[in-house]
Amino acid sequence: DDFMIEEDVHRQIRNEVERLPEAMRKVFNLTLLDMSIPEIAETLDISENTVRNQRARAREILRARLKDKIFNIFVKHRNGSDGRYRIRYTSKFE
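What comes next is a walk through the structure. (Residues numbered from 1 in each chain as written. Predicted model: local features only at pLDDT ≥ 70, side-chain atom pairs only at ≥ 80, totals over all residues. Heavy atoms only, no water.)

Attention now moves to unusual backbone geometry. Apart from glycine, the bulk of residues carry a negative phi angle, and the bulk of peptide bonds sit in the trans form. Although it is not a glycine, Asp 34 adopts a positive phi angle of roughly 70°. Tracing the sequence through the fold places Asp 34 in the loop between α2 (22–32) and α3 (37–44). (Helix = DSSP H or I, 4+ residues; strand = E, 2+ residues; numbered from the N terminus.)

Tracing the chain through its elements places Glu 16 in helix α1 (residues 2–19). Glu 16 sits in the buried class, given a relative accessible area of 13%. Excluding anything up to four places from it in sequence, Glu 16 contacts Leu 62, Arg 65 and Leu 66. (Buried < 20%, exposed > 50% of the residue type's maximum accessible area, 1.4 Å probe, protein only. Contact = heavy atoms within 4.5 Å.)

On to the nonpolar core. Note that soluble globular proteins tend to have their nonpolar side chains buried in a common cluster. Val 9, Ile 13, Val 17, Leu 20, Met 24, Phe 28, Ala 58, Ile 61, Leu 62 and Leu 66 form the largest nonpolar core, which has 10 residues in total. Of all elements in the fold, only α1, α2 and α4 (48–66) reach the threshold of two or more residues within this core. A total of 4 residues in this core trace back to one element, the largest contributor, which is α4. For Leu 20, the residues in contact, after removing those within four places along its chain, are Arg 25, Phe 28, Ala 58, Ile 61, Leu 62 and Arg 65. Counting residues in each nonpolar core, the second largest holds 7 residues, with Val 27, Leu 30, Ile 37 and Val 51 among its members. (Core = buried A, V, L, I, M, F, W, Y, C linked by side-chain atoms within 4.5 Å.)

With that out of the way, let us pick up α4. Relative to the 27 Å expected for 19 residues at 1.5 Å per residue, α4 spans 27 Å between its end C-alpha atoms, a close match to the ideal helical length. What α4 keeps buried is the set Val 51, Arg 55, Ala 58, Arg 59, Ile 61, Leu 62 and Leu 66. Viewed end-on, α4 has its buried residues packed into an arc of 165°, placing them on one side of the element. (Expected span 1.5 Å × (residues − 1). Arc of directions from axis to C-beta.)

Shown next as structure tokens:
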């Protein structure tokens, strides 16, 4: 039963990520691949500030779209000073 709930949560998150604007989706997906801000900026040939802004906006959009069913979906964890983030999500239902 927990597996089905978790699978449904994963599906909902994936669907909402796919709805993001293309540039924002690219930044967000590279973040999920554990790429640093400088790495993403270089890969996409955009500024580091654009990466930060796109990532933050994506998190805001996803949080707003998924808030009715999921609480505290994406929590960033900085791993030292290398600019990398660890993304985790929880499936705490209200």
